[in-house]
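If you want the building blocks of each chain, they are given just below.
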Amino acid sequence: MMIHSLALPPSDAEVDAWLAVLTAAAAVDLPHLPPPSRVEVAGRLRVTPARGRPVLWTAGEDGGGGAGEGDGVAALLLFTEEGNTHTAFLDVLTVRPEARRRGVGTALWERVREELRAEGRTSVAVMLDLGGPGQAFAEAMGFENVLPMAWYVQDVPAGHVTADRSAQPPATPGYELLTWYGLVPDAWAPAAAAAHAAMEDAPTGDMDERVQTWTPERLHTLQQLILDRGGDMITVAAVTPGGEVAAYTEIVLPDPEGTAALQYDTVVVPAHRGHGLGRAVKRHMVAQAAARHPQLRRIATTVADENGPMRAVNEALGQRRERGVGIYQIKL
């Protein structure tokens, strides 16, 4: 078994080999989900994350370096932002189903662990679906679930915009609903960054990763990353006459031509809670996203098990709990 480090950015052949591993694994592990998109995979591999330095590996008899389909892949993000240089995030560690139980995953993990130790990292986290091979492997390596969560899914039927009354802005007395595509406008960036800071009271379990200070510059940097990777982003915000962002929600289509989207943050600033703004921005978001992307059929989001208020909002909007997931972490 050979482990091959990929130079950045990877070639077309390397991207295709990586995608083949992810597609084969997803077909077995999560057959009900849309297959991985090349647009998303290529974007994540080729555009450097704003928060750190990526390291990529492939595994196979020849190292899986792009000449053929490899047996496994791994992607590690070494955080470079202030306060998080002690930890990292394992974005991917996936083995082709027919190559499992042959030491491929262990070999990749050993290479990841070597890199972590060489970089002086004392912990690493990974997001894993519960009940699948990833959970069993991680627990065997010593990872622990430090933030139990679940995936919640909302179906977007064809013709949603014309058939659903939520195409009209919900009644939010005292607030206006605004929709922004791509970057939040410069004029609203300071208020939007301030609203993002309200995420600090969201559950984080025992994660080592520390919450960063939100600034307009950081907000735009992270949003630009999504666009540079080929994705589309929509933000719906409830704003006050005084120019405050009282609540917002974000949706991302990693592949704008795809049928699936990810709901990112949904936040209601503490001083504005109790007015139904969480439901209002999420309901309006579905209508806006469906209008912009008529092929959209599925919106998925994660919510921590202990975040009762947001789970209640999701249930009120008809979202269903699909499967458990968790942030697993290991101390090195």
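See the structure above.
I will try to describe carefully the structure that is included in this document. Quantities reported herein were computed from a predicted structural model and do not represent experimental measurements.

Let us now look at the overall build of the chain. Counting its regular elements, the chain contains 9 helices and 12 strands. Computed over C-alpha atoms, the radius of gyration of the chain comes to 20 Å, within 12% of the 20 Å expected from 2.2 N^0.38 for 332 residues, which places it in the range of a compact globule. As displayed, the chain has an accessible area near 14,900 Å², and 52% of this comes from carbon and sulfur atoms. Between the centroid of the 29 positive side chains of the chain and the centroid of its 41 negative side chains there is a distance of 3 Å.

With that settled, the discussion passes to the nonpolar core. Core analysis: the biggest nonpolar cluster contains 22 residues, and Leu 76, Trp 109, Val 112, Leu 116, Val 124 and Phe 143 have the highest contact counts within it. If you list the elements that add at least two residues to this core, you get strand S2 (52-60), strand S3 (72-79), strand S4 (88-95), helix H3 (104-118), strand S5 (123-129) and strand S12 (320-331). Ranked by the residues each element gives to this core, the list is headed by H3, at 5 residues. In this view, Leu 76 contacts Arg 53, Pro 54, Val 55, Trp 57, Ala 88, Phe 89, Leu 90, Val 112, Glu 115, Leu 116 and Val 124; residues no more than four positions away in its chain are not counted. The next biggest cluster of nonpolar side chains, apart from the first, holds 20 residues, and it includes Ala 247, Ala 289, Ala 290 and Ile 299.

Consecutive residues of a regular strand have side chains that alternate between opposite faces of the sheet. Across 7 bridges, S5 lies against S12 in antiparallel orientation. Counted as the bridge partner of Met 127 is Ile 327 from S12. Note: strand S6 (residues 144-155) against S12, 9 bridges, orientation antiparallel. Bridge pairing links Val 153 to Arg 320 in S12.

Calculation notes
Residues numbered from 1 in each chain as written. Predicted model: local features only at pLDDT ≥ 70, side-chain atom pairs only at ≥ 80, totals over all residues. Heavy atoms only, no water. Helix = DSSP H or I, 4+ residues; strand = E, 2+ residues; numbered from the N terminus. Rg over C-alpha atoms; globule rule 2.2 N^0.38 Å. Areas by Shrake-Rupley, 256 points an atom, 1.4 Å probe, with all protein chains shown as cover. Lys, Arg positive; Asp, Glu negative; His and termini not counted. Charge placed at Lys NZ, Arg CZ, Asp CG, Glu CD. Core = buried A, V, L, I, M, F, W, Y, C linked by side-chain atoms within 4.5 Å. Buried < 20%, exposed > 50% of the residue type's maximum accessible area, 1.4 Å probe, protein only. Contact = heavy atoms within 4.5 Å. Pairing = 2+ DSSP bridges.

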